[in-house]
Amino acid sequence: MLAKLNQRALAYSGASLGASIVHSVFMFYYVKVFLNRYHVTEWWFQVSQTLFLIWNSVNDPLFGYCQDNVKMKCFQSRRLIILSGSFLFSLSFLVPWFPWTTDPKNEWIVGLHLIVALFFYDAMFTYVLIAHACLFAELSTSIEDRIRLVRYTRFASLIGGLSVFICESISRNLKNYLAFQITCVALALISWQCFRYTGNNCHTEWDLKAKEEHGNEDAVADRSSQYTWWQLVKQLFTNRNFICAVLLTLFSDFHRNYLSNFMAIIGDSLLPNLNSGTRSVLYGASTFLPQILIIVSTPLLSKFGYYRVMGLMILLKIMLGPCMYLIGRSSIILYAIYLLLEGCVSTLVAGPFALMFSDVIDEDCLKYKRRHPISAMVFAGNALIVKPAQSFAPMITVAIFNAYGYEKLPKNNVLSVAADSSFTPLFETMFGYSCWLPCVIGLIQIILWKCFTIRDTHKTIPVYNDNVC
């Protein structure tokens, strides 16, 4: 029984590894590459992010509805969705790293490149990872099994997070851009194979039941619903716990996207006395150290429940920023530690989100007596609200930084202007923003978390299904 579950958890974590490998690099570098290397103008940057926001509002509910309600076989099997989209997902990751023009006068080509890169990547990201998220809720209903999945996936994310460190080390902070491009191609190929492993081996509890009932290895679960699309949407968006979970995730994603996009930019500007190697270690550690902490903290999730653990992490997030602001940015070492801690805490808050949404899905399925959980619609509805954070975080941050002269900052030699007093207002803004943003977000999140009513599922005695576990 244990061997079967662990084998399925391993299969599930394959896609987690593949996604972490490419997504960590994509989110860490795409803003930096387009701003500092391709020199995209602020106008084109804001246009691309605005269009991207609209695109996010269309593709997430579309894919979510199709995966739960369309009767085509490729949509009714989570495995086949991952399998069919794996190559294009890995391919979309490569689009930003190969410039479409080297002429700085062709601003529109650079802007179009950014738009295509964001649209293509997000479409494949949504198509594949909504199905992957659904697998988490549908592999087992036991909290212990789900916590085991968290351990497996976070270990996979830990390994995948090393991709940023690898890229930083090989490219020497993008100074050797050809090496960076070659490394990204290698990472894309590895990611593709990880998704294929999950697509070939990860079977849900519902699909196993369908195979037993029909006596057919190719049988898939019936995902048809007795409700119309509008009824499903109304049921979902009038669910208090779903709304709280979505808004909590929205602010968490805003914070984490800001860190992914701007930690290197802020670190290069405010930590001039650290050599590039040390900064590369800092940036790499910010991606894999949080995964270690999540793995280590899983016994706490079993003992105290994710509700209490997440609440504690949110309170810690609220306190860290003001403490660093009072210390000041003159303490380089303490500020470097603060950036690392901020990355860790933001990821620890988001770590149990899969458990939270799985409980929301279970509650919804029980409440409406559904034949099959509407997992894809839950995750797509969440993405519909949350994905704009991927646009808002860079749009707002770039606008604030540019208002204080970031556009004039030499991008290839930031260290030479560290002592230039004309950039002091910019550096002070960066420092204040990095300290107070987490605090404000944490205050909003703690209010939302108090309104979430599913709190003690860790105390529920698990009911095991021998065919699954």
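Scroll up to find the structure.
Residues numbered from 1 in each chain as written. Predicted model: local features only at pLDDT ≥ 70, side-chain atom pairs only at ≥ 80, totals over all residues. Heavy atoms only, no water.

Let us look at the overall build of the protein. Helices and strands together make up the secondary structure of the protein, namely 17 helices and 0 strands. A total of 469 residues make up the protein; the buried ones form 60% of that total. Restricting to contacts in the protein with at least 6 residues of sequence separation, those with at least 24 account for 86%. When the accessible area of the protein is evaluated, it comes to approximately 19,000 Å², of which 66% is carbon and sulfur surface. (Helix = DSSP H or I, 4+ residues; strand = E, 2+ residues; numbered from the N terminus. Buried < 20%, exposed > 50% of the residue type's maximum accessible area, 1.4 Å probe, protein only. Contact = heavy atoms within 4.5 Å. Areas by Shrake-Rupley, 256 points an atom, 1.4 Å probe, with all protein chains shown as cover.)

We now examine the pattern of salt bridges. Applying the stated rule across the entire model yields 7 salt bridges. Of the charged contacts in the structure, one is a salt bridge between Arg 148 and Asp 145, with a shortest N-O distance of 3.3 Å. On the criterion of helical spacing, the pair formed by Arg 148 and Asp 145 is a turn pair, its members being 3 residues apart in helix α6 (residues 143–171). You can call Asp 145 buried: its relative accessible area is 3%. (Salt bridge = Lys/Arg side-chain N within 4 Å of Asp/Glu carboxyl O.)

Counted under the stated rule, the structure contains 0 disulfides. Summary of cysteine pairing: Cys 435 is not part of a disulfide, and the nearest cysteine sulfur, belonging to Cys 323, is at 9.9 Å. (Disulfide = S-S within 2.5 Å.)

Moving on, we come to the packing of helix α15 (residues 375–386) against helix α16 (residues 388–403). Following both chains from N to C, one finds α15 and α16 inclined at 20°, their axes separated by 6 Å at the closest point. Classified by the angle their axes make, α15 and α16 are roughly parallel. Contacts from Ala 383, Leu 384, Ile 385 and Val 386 in α15 reach Pro 388, Ala 389 and Gln 390 in α16. Across the contact of α15 with α16, the residue classes tally to 6 nonpolar, 1 polar and no charged. (Axes fitted to C-alpha atoms, helices over the stretch in contact; angles between N-to-C directions. Parallel < 35°, antiparallel > 145°, perpendicular 65-115°, else oblique. Nonpolar A, V, L, I, M, F, W, Y, C, P; charged D, E, K, R; others polar.)

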